[in-house]
Amino acid sequence: MFRVLLVDDEPSLRLTLTEFLKRAGYEVFAAPDFPSALLVCSGSFDVAVLDINLPGRSGIELLHEINAREPYVPVIMITGEPNLSVIPEIVRAGAYDFLAKPILKDVLLKAVARACEKKLLSEEKRRLEQEIKQYAADLELRVAERTAELLEAHDRLAHSEKVAALGRVAAQVAHEVRNPLYGLLLYSTHLKEQLAGKIAGEQVELFDNMIDTINQLTSTTEQILDFARPVRLALKPVDLNSVVNAVLKLLHLQISENGIKVKFDHNDANATTMLDEACIRAALLNLILNAVEAMPTGGTLSIACATAGETLSLVINDTGRGMTEDRVKKIFEPFNSDKSSGLGLGMPYAKKIIEEHGGTIEVESKLSEGTRVWINLAIEKNQSEGAFA
């Protein structure tokens, strides 16, 4: 039911028009003047029928007041003027239509019906505009999100291509160097054995240093080749807690020598998922060793393993020297190390292994405060052993 505000100072006309409108199915709110109309129209209504000549303040002033209060209400002005000179003023005030006295029933009802239709169209237009505005905002948000995803994917692809290119080059160099190194090791060892007892202790020490250097170089080439080789996972159910314990035992001597206190929160009994145990152990060895080496004068190594839904999380936190923001951004770039004796392959290798398992790894660090590493892995308990081998 449409709601109509009727304002006219003539009681008989106001009563007659009110009756016409009510019989036609409208809900009518009648008032004799400006102040009364303001009280009546405190609620919303759909159409207003106003006499242009009201006691005190005019109907045009009431029209302005209605326009200021409501988003849009079609206003029909009633005029008893014998000429049309007031029409421009009514139009300028924003009136929808006007009726000249005496007012006929059919003319009134047709004018109000048109005004109601105008009201409906106006509300539909406003609703559509709001929908379009909201749709545009949602679309803009989705475009921004998609653009961010594409940029992130592009960065990951560029990083992967860079890593792959570096790996190929490094692997080629390591491959070319490995065989001559084995030859040098063989010749040096053979020469040392042939000269045993014939050379002084200083010369024997020189041979030992040369053999140690060749072994170090051989180990370096093997690390590069291991990083460059494709990973083929042999998955089976593995308890991540047991892997962490094994790595901690392996590093026990270095942890003790550095005076590091270890806190391992492994109360979660559901830390089993499908993993390649050897690869995960190697990845965690790199991560925990980095934490230990970051605390040469002591500190606390905190490790926590927990599950949340279908995700298995491992957090490694140290209180070591920490890293700059720029260093953290480059932490997964191969051959980018701040260690004098490091190749810069530990973190890239760990990331490679974690991602091959479908997981994620993140690093947060602050200088002089320490470093935290988050690893998230999907819990897949129903995979058969070796399914991805």
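Structural data are supplied above this passage.
Computed from a prediction, not measured in an experiment: that's the story for all the values here. (Residues numbered from 1 in each chain as written. Predicted model: local features only at pLDDT ≥ 70, side-chain atom pairs only at ≥ 80, totals over all residues. Heavy atoms only, no water.)

(A) Spotlight on the overall build of the chain. The helix and strand inventory of the chain stands at 11 helices and 12 strands. Counting every position in the chain, which comprises 389 residues, the buried fraction comes to 35%. Across the chain, contacts joining residues at least 24 apart in sequence account for 69% of those joining residues at least 6 apart. When the accessible area of the chain is evaluated, it comes to approximately 22,500 Å², of which 54% is carbon and sulfur surface. (Helix = DSSP H or I, 4+ residues; strand = E, 2+ residues; numbered from the N terminus. Buried < 20%, exposed > 50% of the residue type's maximum accessible area, 1.4 Å probe, protein only. Contact = heavy atoms within 4.5 Å. Areas by Shrake-Rupley, 256 points an atom, 1.4 Å probe, with all protein chains shown as cover.)

(B) Highlighting the sheet that holds strand E11 (residues 360-366). The strand order across the open sheet built from five strands is E7-E9-E10-E12-E11, with neighbouring strands paired in mixed fashion. Two strands bound the open sheet, and with one partner strand each, they are strand E7 (260-265) and E11. Looking at each pair of strands side by side, their axes are set apart by 10° on average, direction ignored. Strand direction decides the pairing type here: E7 and strand E9 (residues 299-308), joined by six bridges, are parallel. Considered in E9, the bridge of Lys261 is made with Thr300. (Pairing = 2+ DSSP bridges. Axes fitted to C-alpha atoms, helices over the stretch in contact; angles between N-to-C directions.)

(C) Highlighting the packing of helix H7 (residues 240-250) against helix H9 (residues 277-293). Where H7 meets H9, the closest approach of the two axes is 9 Å, and the angle between their N-to-C directions is 50°. Here H7 is positioned oblique relative to H9, judged by the angle of their axes. In the packing of H7 onto H9, the handedness of the crossing is right-handed. Contacts between H7 and H9 involve Leu240, Val243, Val244, Ala246, Val247, Leu248 and Leu250 on the former and, on the latter, Glu277, Ile280, Arg281, Leu284, Leu285 and Ile288. Split by residue class, the contact of H7 with H9 holds 11 nonpolar, no polar and two charged. (Parallel < 35°, antiparallel > 145°, perpendicular 65-115°, else oblique. Left-handed = near helix turned anticlockwise from the far one by under 90°. Nonpolar A, V, L, I, M, F, W, Y, C, P; charged D, E, K, R; others polar.)

(D) Region of interest: the environment of Ser242. Note that Ser242 resides in helix H7. You can call Ser242 partly exposed: its relative accessible area is 35%. For the pair Ser242 and Arg281, spaced 39 residues apart in sequence, the C-alpha separation works out to 9.8 Å.

(E) Representation of the packing of aromatic side chains. Using the criterion set out here, one finds zero aromatic pairs in the structure. Positioned above the aromatic ring of Phe34, the side-chain terminus of Arg57 is 4.1 Å from the ring centre. In this arrangement the basic side chain of Lys351 is found over the ring face of Phe332, its NZ or CZ atom lying 4.9 Å from the centre. (Phe/Tyr/Trp six-rings, centres within 6.5 Å; stacked < 30°, edge-to-face > 60°. Lys NZ or Arg CZ within 6 Å of the ring centre and 35° of its normal.)

(F) Structural context of the environment of Leu250. Relative to the assigned elements, Leu250 resides in helix H7. C-alpha separation for the pair Leu250 and Leu285, spaced 35 residues apart in sequence, amounts to 8.7 Å.

(G) Representation of the pattern of salt bridges within the structure. Taken as a whole and assessed by the stated rule, the structure comprises 18 salt bridges. Between Glu61 and Arg57 there is a salt bridge, with its nearest N and O atoms 3.5 Å apart. The partly exposed category is assigned to Arg57, whose relative accessible area is 41%. The closest approach of N and O atoms between Glu65 and Arg69, which form a salt bridge, is 3.1 Å. Placement of the pair is Glu65 and Arg69 together in helix H3 (residues 59-69), with a separation of four residues, close to one helical turn. (Salt bridge = Lys/Arg side-chain N within 4 Å of Asp/Glu carboxyl O.)

(H) Fine view of the sheet that holds strand E3 (residues 47-51). Pairing within the open sheet is parallel, and its five strands lie in the order E2-E1-E3-E4-E5. At either end of the open sheet lies a strand with only one pairing partner, and these are strand E2 (27-31) and strand E5 (97-100). Strand-to-strand twist of the sheet, defined as the mean angle between neighbouring strand axes without regard to direction, takes the value 20°. Across four bridges, the pairing between strand E4 (residues 75-79) and E5 is parallel.

(I) How the structure looks around the pairing of E11. Burial along E11 is one-sided: the residues Ile361, Val363 and Ser365 are buried and none of Thr360, Glu362, Glu364 and Lys366 is. Examined bridge by bridge, E11 and strand E12 (residues 370-378) share seven bridges and lie antiparallel to one another. Bridge assignment links Glu362 to a residue of E12, and that residue is Trp374. Between E11 and E12, which pair antiparallel one after the other, the connecting turn spans three residues, and Ser368 there sits at a positive phi close to 65°.

(J) Looking closely at the environment of Asn270. Its location among the elements puts Asn270 in the loop between E7 and strand E8 (272-275). A residue is classified by how much of its surface remains accessible, and Asn270, at 44% relative accessible area, is partly exposed. As for Asn270 and Thr307, which are separated by 37 residues in sequence, their C-alpha atoms are 7.0 Å apart.

(K) Seen up close, H3. Where H3 is concerned, the buried positions are Gly59, Ile60, Leu62, Leu63 and Ile66. The buried residues of H3 occupy an angular sector of 155° when the element is viewed end-on, so they sit on one face. Against the buried residues of H3 lie strand E1 (3-7), helix H2 (34-40), E3, E4 and helix H4 (87-93). (Arc of directions from axis to C-beta.)

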